[in-house]
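So you can see what is in the structure, the chains are spelled out below.
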Amino acid sequence: MKLKFTKDISKETNKVFIASKLDDLKNYISKECMTYFKTAWKDEAVQFIKTPSTTVYVINRKGKNAEAMRKLGNQVHSALKNEKSVGVYGDANGDLLAFVEGFLLSNYQFLKYFTDKAKRENKIKTLAVAGDLKKADLDELENLTTAVFWARDMVNEPVSYLDSVVLAQEIQAKGKAGNYSVKVLDKKAIEKEKMGGLLAVNQGSVTPPTFTIIEYKPKNAKNKKPIVLVGKGIVYDTGGLSLKPTAHSMDLMKSDMGGAAAMAGVMHAIALNKISVHVIALIPSTDNRPGKNAYAPGDVVTMLDGTTIEVLNTDAEGRMVLADALAYGNQYNPELMIDAATLTGAAVRALGSKTSICMGNAKDKVFEKLEKAGNDMHDRVVRFPFWDEWKEDLKSDIADMKNLGGPSAGMITAGKFLEHFTKHPYIHIDIAGPAFLEAAEDYKGKGGTGAGVRLLYQFLKNY
Ligand code: BES
Ligand code: ZN
Ligand code: ZN
């Protein structure tokens, strides 16, 4: 579905009007309609009238914040998704844009594997938008949504298609289209870099690992030193030899590259929208399986930076690949490092799907900006503590650290493990909860959500 910037939606069959006072619409809707809407206007957020020739929606935006408007966009989308001609008029910039955002995000479908795709596809092709906003706002929203949909696609793709090599290829293709640089390190190059963590996790796989480096460096970048992003690219997580133990615990593990999708997605969004920040994203990728010469509990692995790790659970594989990527990222002398990862079941158990969890050693001010970006976009983060006491849980009897923490606060010990490999201000974002939904939540349908893309886009835009 495309957005069309227009002055007038009177010719559209289905019309949506957004206002805080019905009177503000008197130049736009007919007297008959007006009389009809007057009866119920006060209480209802959404009112509509259907005649043989037209359907008119009126939305009372009074007292509604951006997220409420996105949700109304989703509600109206459910009703109009199969209509060819739909227009929306709004009298206030932010609200209208949020409504359109909710409508647009609701139109996502992952139909690739259905044989009757055409039948299932939403019929709506364009949404005409008129009112108090600029065409540039719609273009920006459209680009950002394109990136979110791409991230959702990647998360929804099973490993039977999206393995570590295809993931890297997809990112490369997007880089070409969006005119930013993408370089892929193959297994040989990864061995040369001595990425011991990534190679260890890959030992059980029949597919080689990849390490993708995405760089967006605009001439007018505000930052002198880059921001480095790292995304967990485990294209499938069986747990490895510490095989995932409970019923269904593996079913959704094609989504274990949600962090990679988030970081690749946000790079695509900032490049399409020409945001003036210099950002580098690193995507270590492999699947985690018990096959072949799979790494085993008890193994000691030497990581890229020389740290030795005693592996006590091969299902804690995310931190093994992320650690190498973070250590690799130090060479860019970044101003800030951020990783996003579907890292722990502990994060899911603590807060479920409504929020990501962030933590780190960056300044409070940076966290405040991140939290604000999350609240603005409703792609939220909750900050957890990050005290050094949790490092105690990672002490090993025979190596520098073990890859397993204690019985509690698993999301934090995972973060402390990763921090060890960073030499710069650092934020860790555990997106395990919101990355993939088993039941739709408004404009986020079942499946991959693109969690983190809108959050980090807003953060980088306001950086
Ligand atoms: N990919 C999982 C985390 C996960 C669980 C993501 C559920 C989404 C939903 C991760 O690799 C994992 O298995 N973590 C273990 C770590 C533990 C062995 C220290 C976990 O959280 O159980
Ligand atoms: Zn795991
Ligand atoms: Zn995992």
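What about the sheet that holds strand β2 (residues 14-19)?
Spatially, β1-β6-β5-β2-β4-β3 is the arrangement adopted by the 6 strands of the open sheet, whose pairing is mixed. If you trace the sheet from one side to the other, it starts and ends with β1 (2-5) and β3 (46-50), each paired once. Strand-to-strand twist in this sheet, taken as the mean axis angle between neighbours without regard to direction, amounts to 20 degrees. Examined bridge by bridge, strand β5 (residues 85-90) and strand β6 (residues 126-131) share 6 bridges and lie parallel to one another. Along β6, the bridge assignment pairs V86 with L127. Helix α1 (residues 31-40) rests against β3 and β4 (55-60) of the sheet, and its axis sits at about 145 degrees to β3. Where helix α5 (residues 135-156) meets the sheet, it contacts β1 and β6, and its direction lies at approximately 175 degrees from that of β1.

Re the pairing of strand β10 (residues 233-237)
Two faces make up the sheet, and in a regular strand the side chains alternate between them. Judged by how many residues are buried, β10 sits mostly within the fold: 5 of 5 residues are covered. Sheet topology places β10 next to strand β11 (residues 279-288); 4 bridges connect them, and they run parallel. Of the residues in β11, the one forming a bridge with G233 is S285.

Some details on the coordination of the zinc ion (ligand 3)
Donor atoms from the polypeptide that bind the zinc ion (ligand 3) are K232 (NZ), D237 (OD), D256 (OD) and E317 (OE), placed at 1.9 to 2.4 Å. The coordination sphere of the zinc ion (ligand 3) comprises 6 donor atoms, whose angles at the metal cover 77 to 173 degrees; the geometry is octahedral. All donors of the zinc ion (ligand 3) come from a single chain, and their spacing in sequence reads K-x4-D-x18-D-x60-E.

Remarks on the site of ligand 1
Near ligand 1 there are 17 residues, and of these D237, K244, D315, E317 and G345 occur at the shortest range. Between ligand 1 and K232, the relevant distance is 3.2 Å, taken from an oxygen atom to a side-chain nitrogen or oxygen of the residue. K244 places a side-chain nitrogen or oxygen 2.8 Å from an oxygen atom of ligand 1. When ligand 1 sits alone it has 520 Å² of accessible area, and the protein chains cover 78% of it. In terms of residue class, the shell around ligand 1 is built from 6 nonpolar, 4 polar and 7 charged.

Side note on the packing of helix α12 (residues 364-377) against helix α14 (residues 453-461)
Closest axis-to-axis distance for the α12/α14 pair is 8 Å, and the angle between their directions is 125 degrees. Comparing their axes, α14 and α12 come out oblique. The chirality of how α12 crosses α14 is right-handed. For the pair formed by α12 and α14, the contact residues are V366, K369, L370, A373, G374, D376 and M377 on the first element and R454, L455, L456, Q458 and F459 on the second. Each residue belonging to the contact of α12 with α14 can be placed in one class, and the counts come to 7 nonpolar, 2 polar and 3 charged.

Conventions adopted
Within each chain, residues carry numbers counting from 1 in the order of the written sequence. Whichever chain is written first is A, and whichever ligand is written first is 1; the rest continue in order. Two thresholds apply to this predicted model, a pLDDT of at least 70 for residue-level local features and 80 or more for giving and counting side-chain atom pairs, whereas whole-chain, interface and lining totals are computed over all residues. Side-chain metrics in this entry use all non-hydrogen atoms of the structure; hydrogen atoms and water are not considered. Strand pairing is assigned whenever DSSP identifies at least 2 bridges connecting the two strands. Each helix corresponds to a stretch of at least 4 residues labelled H or I by DSSP, and each strand to a stretch of at least 2 residues labelled E; elements are numbered beginning at the N terminus. To obtain each axis, a line is fitted to C-alpha atoms, and for helices this fit is confined to the stretch in contact; angles are then taken between N-to-C directions over 0 to 180 degrees. Whether two residues are in contact is decided by their heavy atoms, any of which lying within 4.5 Å being enough. Three labels apply to residues, based on accessible area from a 1.4 Å probe with only protein chains included: buried if under 20% of the type maximum, exposed if over 50%, partly exposed otherwise in between. Listed donors are limited to N, O and S atoms within 2.8 Å of the metal, widened to 3.2 Å for Na, K and Ca; water is not among them, so incomplete-looking sites are possible. Square planar and octahedral assignments, for four and six donors respectively, both demand that opposite donors be over 155 degrees apart and that all other angles lie between 65 and 115; tetrahedral needs four donors with all angles between 85 and 135 degrees, and anything else is irregular. When we say a residue is near a molecule or strand, we mean one of its heavy atoms is within 4 Å of it. The definition of a polar contact used here is a pair of N or O atoms within 3.5 Å, where within protein one atom must be able to donate a hydrogen and the other to accept one, and adjacent residues in sequence count solely through side-chain atom pairs. Residue-level accessible areas treat just the shown protein chains as cover; the underlying method is Shrake-Rupley with a 1.4 Å probe. Residue polarity is assigned by list, with Asp, Glu, Lys and Arg as charged and Ala, Val, Leu, Ile, Met, Phe, Trp, Tyr, Cys and Pro as nonpolar; anything else, Gly included, falls into the polar class. Under this scheme an angle from 65 to 115 degrees is roughly perpendicular, one under 35 degrees roughly parallel, and one over 145 degrees roughly antiparallel; angles in between are oblique. It is the rotation of the near helix from the far one that decides the hand of a crossing: anticlockwise by less than a right angle makes it left-handed, clockwise makes it right-handed.

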